[in-house]
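Residue-level structural notes
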Amino acid sequence: MRKHALALLAASLLAALAPSPPLAAQDLAALEGHMTVHRLANGWTFLILERPRAPVFSFTTVVDAGSAQEVPGITGLAHMFEHMAFKGGPTIGTTDYASETAALEKVEAAYQAYQTERLSPRPDPKKLATLLAAFQAEQRKAAAFVVQGDLDRILSTEGGVDLNATTGADETVYFYSLPANKVELFAFVESERFFHPVFREFYEERDVVREERRMRVESQPVGRLVEQLITTAFQYHPYQQPGIGTPSDLQSISITDAKAFFDTYYAPSSMTTAIVGDVHAATLVPILEKYFGRIPARAPAPGLRTVEPPQIAERIVLMEDPGQPLYVEGFHKPAQTDADQPVYDAIDDILSRGRTSRLYRSLVRDGQLAVDVGSFSGFPGGKYPNLWAAYAFPGVGVTNEKVQAALRKEIERLRSEDVTDEELARFRARSRGDLLRSLESNAGLSRSLAEYHRLFGDWRDLFRYLDRLQKVTKADIRRVAASTFTPANRTVAMIVHAEQ
Amino acid sequence: MRPLTPLALLVAASLLVPCAARAQAARTSDLRYPPLPKFDIPVPERVVLDNGMVVLLLPDHELPLVEATALVHAGPRYDPAAKAGLGSLAAEVMRTGGTPSKSGDEVDDFLESHAASIELEVDDDVTRASLSALKADFADVLRLFADVLRRPALDGEKLEVARSQELANVARRNEDPFGILFRETGKVLYGADSPLARTPTYATLRAVTRDDLVAWHRASVHPDRVVLGISGDFQRDEALALVRAAFGDWTRGPEWKPPAPAIRSDAPRGVFFARKDDVTQSYVTLGHLGLRRDDPDYYAVDILNQLFANSFASRLLVEVRTKKGLAYAVFGGVGTAWDHPGQSTVSLSTKTETTGAGIDALLVETRGLGSRPPTAEEIEDARQAILASFVFRFDSTARVLNRQLLLEHYGYPRDWLTRYREGIEKTTPDAVRRAARHLRADDFAIVVVGPATGTDKPLSSYGKVTPLDISLPEDETGGQ
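Residues numbered from 1 in each chain as written. Chains lettered and ligands numbered in written order. Predicted model: local features only at pLDDT ≥ 70, side-chain atom pairs only at ≥ 80, totals over all residues.

1. Thoughts on the overall build of chain B
Along its length, chain B carries 16 helices and 14 strands. Viewed in the frame of its principal axes, chain B has a C-alpha envelope of about 65 × 65 × 40 Å. Residues classed as buried in chain B amount to 48% of the 480 residues present. For chain B, long-range pairs separated by at least 24 residues make up 81% of all intrachain contacts whose partners lie at least 6 apart in sequence. (Helix = DSSP H or I, 4+ residues; strand = E, 2+ residues; numbered from the N terminus. Buried ≥ 20, exposed ≤ 12 C-beta atoms within 10 Å, placed from the backbone. Contact = placed C-beta atoms within 7 Å.)

2. Topic: the domain arrangement of chain A
Residue and element names in this part refer to chain A. According to the domain assignment, chain A consists of domain 1 (59–94 + 146–292) and domain 2 (315–497). Summarising the inter-unit geometry, the C-alpha centres of domain 1 and domain 2 are found 28 Å apart. Opposite the 31 residues of domain 1 that make contact, domain 2 presents 28 residues. Mapped onto the side of domain 1 that touches domain 2, the elements with two or more residues apiece are β3 (56–63), β5 (172–179), α9 (221–233) and β6 (271–277). For the side of domain 1 that touches domain 2, the element with the highest residue contribution is α9, accounting for 9 residues. Residues belonging to the side of domain 1 that touches domain 2 are distributed by class as follows: 16 nonpolar, 10 polar and 5 charged. (Domains from an automatic or database assignment. Nonpolar A, V, L, I, M, F, W, Y, C, P; charged D, E, K, R; others polar.)

3. Concerning the sheet that holds strand β7 (residues 315–321) of chain A
Residues and elements named next belong to chain A. Pairing is mixed across the open sheet formed by 5 strands, whose spatial order is β7-β11-β8-β10-β9. Only two strands of the sheet have a single neighbouring strand rather than two, namely β7 and β9 (370–379). Taken over all neighbouring pairs, the strand axes of this sheet differ in orientation by 15° on average, direction set aside. In this structure, strand β8 (residues 326–333) lies alongside strand β11 (residues 490–497), joined through 6 bridges in antiparallel fashion. (Pairing = 2+ DSSP bridges. Axes fitted to C-alpha atoms, helices over the stretch in contact; angles between N-to-C directions.)

4. Comments concerning the domain arrangement of chain B
Here the domain parsing of chain B yields domain 1 (1–38), domain 2 (45–247) and domain 3 (270–467). Averaged C-alpha coordinates put domain 1 of chain B and domain 2 of chain B at centres separated by 48 Å.

5. Quick notes on helix α10 (residues 298–309) of chain B
Here α10 of chain B is 12 residues long and its end C-alpha atoms lie 16 Å apart, about the 16 Å a rise of 1.5 Å per residue gives. Of all 12 residues in α10 of chain B, 11 are buried, a share of seventy percent or more. (Expected span 1.5 Å × (residues − 1).)

6. Focus: the pairing of β9 of chain A
Residues and elements named next belong to chain A. Looking at chain direction, β9 and strand β10 (residues 386–394) are connected through 8 bridges and run antiparallel. Bridge pairing in β10 places serine 377 opposite tryptophan 388. Counted between consecutive antiparallel strands, the loop separating β9 from β10 contains 6 residues.

7. Some remarks on the interface of chain B and chain A
Frequently, the measure chosen for interface size is the accessible area that the parts lose on association. In this assembly, 72 residues from chain B lie in contact with 78 residues from chain A. Taken together, the elements giving at least two residues each to the side of chain B that touches chain A come down to α3 (104–113), α5 (156–171), α11 (315–323), β12 (343–351) and α13 (376–388) of chain B. Ranked by residue count, the leading element in the side of chain B that touches chain A is α5 of chain B, at 7 residues. Class assignment of the residues belonging to the side of chain B that touches chain A gives a composition of 34 nonpolar, 20 polar and 18 charged.

8. Notes on the confidence of the model for chain B
Here chain B shows a mean pLDDT of 93. Residues at 70 or above account for 94%. In the model, residues 1–21 of chain B has pLDDT below 50 throughout and makes 20 contacts with residues more than four positions away in sequence or in other chains. (pLDDT = per-residue confidence, 0-100.)

9. Digging into the environment of aspartate 249 of chain A
Mapped onto the elements, aspartate 249 of chain A comes out in the loop between α9 and α10 (255–265). If we ignore the near neighbours within four places in the chain, the residues touching aspartate 249 of chain A are Gly73, Ile74, Thr75 and Gly76 of chain A.

Structure representation (structure tokens):
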């Protein structure tokens, strides 16, 4: 396990612990010597960090599109497309691509006919049954060409691990790790996925996602409450929509919708891939050119017009539920690229992180009112103005009201008095430690690099951000707390326990 | 890894340079790969202190961080039944209740202001204490770590904080349906009173006193029951000197032979139903007891599990999820555990209206392992998936060390990983097919968590239905 530029960078992070000079430019330069940024002509950006610690590599592809790109009627579509990306391509997952493509066109035509009747003002039950049967017959014909799990089989038999993806409000993220000698396999599979997207088994997969919604949202008290919180806190911006989709949309989204979504939002210029591990940029770049360079450039995705208007009245959700009490309150705040984001990070650290935090000491340790407390910003996404929220799980027999009063007292203190020197010093030390620990795994580092590049346009901001955190002052915290934590800007959501 | 023949090496080498100039492959099977650079499994240095404490050292100088983990042979498995939760409370209060030189709050202040952490958690028969520190603080944090393990103050006020958290866990134990399913399946398969399945109640948590914590610590935490592993950026001699200074004068505990956990002697049959109405799915497990990890069939079972349920290309996922769309979560396989039989199960969650269809699909796939034995291709794909990804089992020092600690704790051979690779390589296809006898549909107990009405088939069509009472008992002394 050899030492390299990351070690140099880490040394400077550590040296900076005592006072707080900014990250020395020469240390970032040392890391840059191992970093290659390569942008293809079609706009796809690759970040390659050579880290020859073990003969493996990890990659993360971040697509600058998520459920915030949806509108009512197609909610859940970004996530559905993510599922589709595991179905393979023209040479993966099918016995006969040409015949299958023709069969899928018939599936879609049959589905559209069924859907048109189903959504008509007075659907004819008989006709509907016939159309449904016809659609299912086409589904069965298309299914005959499918080789299920082929993408997973190809990658896993070559040593691929941790194959997965996630869809968020802002982005869709694809990742896995491979032995270091399989970079060409990575290039083949990942370029195919987004060069020739396939929509095989779309409607079968829609049922799987519907089950995912039942499991994650409908059958968990916390899942139910969180959905109520976002639909209430946002009245206009798409952050109000559940990323998993609403039940009716999950019954209606179609292959036609998914193709349109892909064509609009998966332009190569929306893609950033970070590769970290025992790779060599000099040999890798030509491979990337060869495979990913095949994908034609497309018009960039349109920006989002919608801006959530300022909240002018407090909103309260009281959810009577068999679940135990849970208290959450959220406040609107700017996007994560805003100059004040580091101030929110400081607030989270001081208010709710660890056993030294204000909420832990007042609500958990001293009052035994709550058993778990926390706060976070960037909810449900961070690219657009979003929510800062704090939560508390009340102890046995403790009411939400008691927890609310104790929580409000701590939030109010942030507005009315300065945080202490010790709290600020602890925040600075921990943010350095966090960055250092985030460098440990190839997979985690590749994700950080790709996400910072997506959000800020430059991977270096992962490291520059630390300097911004170090510069947060007591006055910043009071100023931001005063402007954010106002009653009119607040949405409260709580579970009121009720036996069924 | 299969050895490369000289010819394969030649072919691979010839592909190295012109790789980029080559036309792109038409299919992934046309791709040819250079050999993977040689990379040996890192072996930690093993030192045994005079008091019996085992110390494993594996330096890694890439980042200026040090991590340490101590596994103590003590945990909830050994709690007295009337005080279930004692081990868990004790571990938490060891961490939060202070040391001879620092109050609990001072410990928190010190650690958090140094971007360091010490945490304790319990799992069955293990209390795991972990440490993470910046290199420069390692010596100080290790001394504190030793105090937490050896000389915890076990402050009574911090016991009350920990108790209120554990009581809340009881109050919230019926919120996550999969949590209920796993808990109740354990009780059905091992027996409700087995230490492998027992869970704390309000009463057992309230029965624990500070004196119990002191007695627990005195009886359970001794150097001869500890294995300590350290990875990260340290110098071997310095670290060993620190460890000797911190732990060398710790005296051995009394002779102790851990009792084997009691397991019900009769096999449960039929359906066990826990009613939960605020969910839109049924959560289902079919299962019986499995194997110990040192079973000679372990390697065959690992290959079988891979082809049965461990990837999107596996039978269970292809048939139940991808083709039928019955579930998002479907998983299972022959279960193994380190020192007792694991749980061999197949599970899913599916909408209430397809509960019967889901159970049927799980039964069909389990029986299919016998009636449609794994093909040679399935077996080789599964074997290859395990071997080709083998490097990821030792690509970081922390990963290596965590495994070695478990091997030490359970008394398994220290070269287990090498044996594992050989075992996977040598297992014959027939042995994999024979291993299907470890998953027996006819012996399954069926556990269902979900609504009482709305299923497509009555649960009684799968056998006698025994209701499981998961309601919370009244907490007579609790409440604020």
